[in-house]
Each structure stands twice: as C-alpha cells, then as structure tokens.
Amino acid sequence: MFNPLEYVVLLVVIALITYLRKALDLFGSIFMIIMGIIIIFTAGANWLILIFIFLILGLISTKYKHQYKKDIGIYEGTRSLKNVISNGIVPFVMAAFGNYGGFIGSIATATADTLASEVGVTQQPRLITTLKKVPPGTDGGISVVGTVAGIIGAGIIGVAAYLLGIFPDPYVTLKIAIIAGTVGCFVDSILGATLERRHYISNEYVNLIATITGAALGIIMV
C-alpha cells in the first residue's frame, strides 16, 4: 500500500494528465488536487479512489460518440472549475466528515447523471415533465438508454465502494448507490426541465442540488 504522500504525488500526476488532455481546465485541476489532498488526510485514500472511478467513468462517457455530439453541438470536452465544484463539493464535504452514506450517495448521483447525459443523447429523449420528444441535449430530457446507463454507473460506484472498504455491507452499499444515484439523477432532470430551461438556475446549481439530494438519501439509508 502507498503511504499518504505517495497518494498525493499520484493525485498531482492524475490532475496533470487530465489538464494536459483537456479533460479539466487549469483551475479545475488545481481545485481537484486541493480537495483530493484533504480527503486523503481526513477520510483516506480509498475514498479518493472512488472519486477517481467517477472521473474515469465520466471521461469515458464524454468520449463516447464524441463526433456525433460535436456534430449536434453538445460536446463538452473540457470541464471547468464550476463543473468540479458543482459535482465534487458535496462528496468532498461528506468525505471530510467521514459520512460514508452521504459520500456514496452523492458520488453515485454525479456518476449516474454524467453517464445518463453523455450516453442518453444518442437516443431521442423525452422531456421528463411531459414525456414529449425533445432534441438531444435538451435540459430535462431523458431516454431509456441514458437511464439504464445512469443506473449501471451508480451500481458500479456501489460495488467499488464495497470493494474499497468504504462500507462493509455490500447490500447496503449497493442499495445506497443505486437508489440515491437514480433518484438524484431524476431530480437533476426535473430541475433541468422546470428551472434550468427557464434560466432560473444554471446547470451548476442543478448538479449541486442533485448531489445534495443523493447525499441526503445516502445518509437516511445507512
């Protein structure tokens, strides 16, 4: 096993790679390092690895059919500091205070939402509030493919959380991840359809509220 300082070095290397590959911008990469260091010395490196798994799944899903996404104008190659904060601040707080239920729930939500959005655009979506067909990339649009991808992503987080020893009961861990992740993802879509489309709140606030929802459900289900 690595010692904490070796994990810090690994964290910096990963942040540098994500920056050079334009997955994150400079300030997003720096903030990721700061959050990661605090998590390593408060909750432990295994908690940080779960966040890395979320990042990897997000990167893979973003690259999925990226040319098609570019063609329809919804490809988001480089994520900014605002993206890192809106998706990562809740898991960071949960990890810093050692709340595994909230941590798993918020990470599962962020993962489910990312995969549902990135994979779901390849199928004709329907607005979650009316079920009417809408163009791919529409705020609040959902699809069967995207929903399945989101649930699978949440499930992967649950399995990984158990294997990493974040919580010893595989049933509870998987339940938290799938239920909190799926509900949080749908909350994201509902907010997107009702508030974001009307420009009352931005996508970053939508993501933040969704991860708070996932964390709250995770805390309740422990």
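Residues numbered from 1 in each chain as written. Predicted model: local features only at pLDDT ≥ 70, side-chain atom pairs only at ≥ 80, totals over all residues. Heavy atoms only, no water.

- Named according to an unreviewed UniProt entry, the protein is TIGR00297 family protein originating from Methanobacterium spitsbergense.
- Quoted verbatim from the Subcellular location (unreviewed entry) field of UniProt, the annotation for the protein is "Membrane".
- Quoted verbatim from the Sequence similarities (unreviewed entry) field of the UniProt record, the comment on the protein reads "Belongs to the TMEM19 family." (UniProt positions renumbered as here; feature names shortened; annotations may be inferred.)

## A short note on the packing of helix α6 (residues 100-120) against helix α9 (residues 203-221)
- Taken N-terminus to C-terminus, the directions of α6 and α9 make an angle of 140°; their axes are 7 Å apart at the nearest point. Taken together, the axes of α6 and α9 are oblique relative to one another. For α6 against α9, the interelement crossing comes out right-handed. Across the interface between the two elements, G101, G102, G105, S106, T109, A110 and D113 from α6 touch N207, A210, T211, G214, A215, G218 and I219 from α9.
- A class-by-class count of the residues in the contact of α6 with α9 yields 4 nonpolar, 9 polar and 1 charged. (Axes fitted to C-alpha atoms, helices over the stretch in contact; angles between N-to-C directions. Helix = DSSP H or I, 4+ residues; strand = E, 2+ residues; numbered from the N terminus. Parallel < 35°, antiparallel > 145°, perpendicular 65-115°, else oblique. Left-handed = near helix turned anticlockwise from the far one by under 90°. Contact = heavy atoms within 4.5 Å. Nonpolar A, V, L, I, M, F, W, Y, C, P; charged D, E, K, R; others polar.)

## Examining the UniProt feature "transmembrane region" (unreviewed entry) in the protein
- As recorded in UniProt, the sites labelled "transmembrane region" (unreviewed entry) are residues 7-24, 30-60, 142-165 and 171-193.
- Span residues 142-165 is 83% helix and 4% strand, its end C-alpha atoms 33 Å apart.
- Along residues 171-193, the helical share is 100% and the strand share 0%, with 33 Å between the first and last C-alpha atoms.

## A few points about the pattern of salt bridges
- In the structure shown here, the tally under the stated rule is 1 salt bridge.
- Between E118 and R79 there is a salt bridge, with the nearest N and O atoms lying 2.9 Å from each other. In this pair, E118 is assigned in helix α6 and R79 in the loop between α4 (66-71) and α5 (81-96), connecting sequence segments 39 residues apart.
- Its relative accessible area of 9% is what places E118 among the buried residues. (Salt bridge = Lys/Arg side-chain N within 4 Å of Asp/Glu carboxyl O. Buried < 20%, exposed > 50% of the residue type's maximum accessible area, 1.4 Å probe, protein only.)

## What to know about the environment of G153
- Along the chain, the position of G153 falls in helix α7 (residues 144-163).
- By relative accessible area, which is 0% here, G153 ends up buried.
- Along the sequence, G153 and D113 sit 40 residues apart, while their C-alpha atoms lie 8.8 Å from each other.
- Apart from residues lying up to four places away in sequence, G153 is in contact with L57, T111 and L115.

## As for the packing of aromatic side chains
- Going through the model one piece at a time under the given rule, you end up with 2 aromatic pairs.
- Centroid distance W47 to F103: 4.8 Å. Interplanar angle 40°. Geometry classified as tilted. Here F103 lies in helix α6 and W47 lies in helix α3 (residues 45-63), a separation of 56 residues in the sequence. Summarising the burial analysis for this pair, W47 and F103 share the class buried.
- Each ring, one from Y100 and one from F167, has its centre 4.7 Å from the other, and the planes form 35°; the classification is tilted. One end of the pair, Y100, is in helix α6; the other, F167, is in the loop between α7 and α8 (170-196), with 67 residues separating them in the sequence.
- The partly exposed category is assigned to Y100, whose relative accessible area is 29%. (Phe/Tyr/Trp six-rings, centres within 6.5 Å; stacked < 30°, edge-to-face > 60°.)

## Focus: the packing of α6 against α8
- For the pair α6 and α8, interaxial distance at closest approach is 7 Å and the crossing angle is 50°. Classed by the angle they form, the pair α6 and α8 counts as oblique. Both α6 and α8 take part in a crossing whose hand is right-handed. Here G101, I104, G105, A108, T109, A112, D113 and A116 of α6 lie close against α8, whose contacting residues are T173, I176, A177, A180, G181, G184, C185 and D188.
- Partitioning the contact of α6 with α8 into residue classes produces 8 nonpolar, 6 polar and 2 charged.

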